[in-house]
Amino acid sequence: GGGGGSGGGVGPPAALKRADTRPGRGHSPAPHGWPSDIPGLEYAGEVEVSRGDPARWRPGDRVMGLVGGGAQAEYVVVHEDEMLAVPATLTWPEAAAVPESFLTAYDALTTRARVHPGERVLVHAAGSGLGTAAAQIAHQLGATVIGTSRTPEKLARAVMFGLDGGIDTSGGSFLGELGEPVDVILDVLGGAAFADNIAALAPRGRLVVLGLLSGSRAAADLGDVLRKRIEIIGTVMRTRGHEERAALVREFTATMLPLFAQGALRPVVDRVVRMDDLAAAHTLMEQNDSFGKFVAVWDTDDTR
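Residues numbered from 1 in each chain as written. Predicted model: local features only at pLDDT ≥ 70, side-chain atom pairs only at ≥ 80, totals over all residues. Heavy atoms only, no water.

Asker: Can you help me understand the overall build of the chain in this one?
Answerer: A count of helical and extended segments in the chain gives 10 helices and 14 strands. In terms of overall size, the chain behaves like a compact globule, its C-alpha atoms giving a radius of gyration of 19 Å where 304 residues would be expected to give roughly 19 Å. With the C-alpha coordinates aligned to their principal axes, the bounding extent of the chain is approximately 55 × 40 × 35 Å. Residues counted as buried form 53% of the 304 residues belonging to the chain. In the chain, the proportion of contacts linking residues at least 24 apart, taken out of those at least 6 apart, comes to 70%. Accessible surface, the chain: about 13100 Å² in total, of which carbon and sulfur atoms supply 52%. If you average the places of the 29 positive and of the 37 negative side-chain charges in the chain, the two averages end up 4 Å apart. (Helix = DSSP H or I, 4+ residues; strand = E, 2+ residues; numbered from the N terminus. Rg over C-alpha atoms; globule rule 2.2 N^0.38 Å. Buried < 20%, exposed > 50% of the residue type's maximum accessible area, 1.4 Å probe, protein only. Contact = heavy atoms within 4.5 Å. Areas by Shrake-Rupley, 256 points an atom, 1.4 Å probe, with all protein chains shown as cover. Lys, Arg positive; Asp, Glu negative; His and termini not counted. Charge placed at Lys NZ, Arg CZ, Asp CG, Glu CD.)

If you want it as structure tokens, here you go:
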């Protein structure tokens, strides 16, 4: 299958990933077979040419998905089993904001952390694209969702996306405001938050490390890991092989994709930028003022 142009533009829109602006902090090199000189890990667009099952994808079909690199190109070539159908309710920028955040959050919460109804889930950086996706999915799974952010306004907005409680971390650690321990933590911060994450987990808690925005080195009391039987789970989407990606897409298509059409899940797009303004967009992302995702388009017609 091939994800091509997006209905009037010269290439598919692609969401931007904040970790990509910080080399060495949660950003892995392009896997074999993917371009290392063209950024971008997620896309949305129309099928231009399909060499797979003609009954499955046809030219003109609206699709979205993850790639190992090169999404910010005029055309991308992907396997038909790794594409998701774009719900009719989503605009092109909204579709481009779905794959990385929602597939990562779903995999982390269900396969890695095995979240059950009634459990308490802590999501760091609740105002990010991943954070807003994780809060919504955790809410759908029946969990109580607590989020952290250094910006109180982001926490207030995140309530609309499944957050049950928020902790302002602009003054320091979240531990003093957490209350009861949590069962699961989704962490994109890494080293600086590691010790507090371990302290915040309940017995048999699960820490899923998704990023290293605050660094890759940490010091913590491993005695708590033993006493509380804590699981520390590292995961990254980019380096997974085809079989893993295809299995995740099948499961997500069956369980989560219908919820977008129902309005129960919503991608959050902070702003849409042009592909030739990527440097300025990266600078804005580094300022930590955004809520949700930045999406880059080739043509302003791609915003519909």
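Resuming the write-up.
Asker: Please clarify how unusual backbone geometry should be interpreted in this entry.
Answerer: With the exception of glycine, most residues fall at negative phi, and the peptide bonds are largely trans. Within the chain, Arg 114 stands out as a residue other than glycine whose phi angle is a positive 55°. Note that Arg 114 resides in the loop between α2 (99-112) and β7 (120-123). Although it is not a glycine, Arg 229 adopts a positive phi angle of roughly 55°. Here Arg 229 shows up in the loop between α7 (222-227) and β12 (231-234).

Asker: How should I be thinking about the environment of Pro 99 in this particular structure?
Answerer: Take Pro 99: it is sitting in helix α2. Pro 99 sits 125 residues away from Asp 224 along the chain, and the two C-alpha atoms are 35 Å apart. Once residues lying within four places of it in the same chain are set aside, the contact partners of Pro 99 are Glu 42, Tyr 43, Met 64, Gly 65, Leu 66 and Thr 104.

Asker: What should I look at first to understand the sheet that holds strand β2 (residues 14-15) in this one?
Answerer: What links the strands of a sheet is backbone hydrogen bonding, and the strands pair in either a parallel or an antiparallel sense. Reading across the sheet, the 3 strands line up as β2-β14-β13 and stay open at both edges, with mixed pairing between neighbours. Only two strands of the sheet have a single neighbouring strand rather than two, namely β2 and β13 (269-274). Bridge count for β13 against strand β14 (residues 293-297) is 5 bridges, and the pairing is parallel. Bridge assignment links Val 273 to a residue of β14, and that residue is Ala 296. (Pairing = 2+ DSSP bridges.)

Asker: Is there a simple way to think about the packing of aromatic side chains in this case?
Answerer: The geometry of an aromatic ring pair comes down to the distance between the two centres and the angle between the two planes. Applying the stated criterion to the full structure yields 4 aromatic pairs. On the numbers, 6.0 Å between centres and 45° between planes, the contact of Phe 161 with Phe 291 is tilted. In this pair, Phe 161 is assigned in the loop between α4 (152-158) and β9 (165-168) and Phe 291 in the loop between α10 (278-286) and β14, connecting sequence segments 130 residues apart. A ring pair is formed by Phe 252 and Phe 260, whose centres lie 6.3 Å apart and whose planes are at 45°; its orientation type is tilted. (Phe/Tyr/Trp six-rings, centres within 6.5 Å; stacked < 30°, edge-to-face > 60°.)

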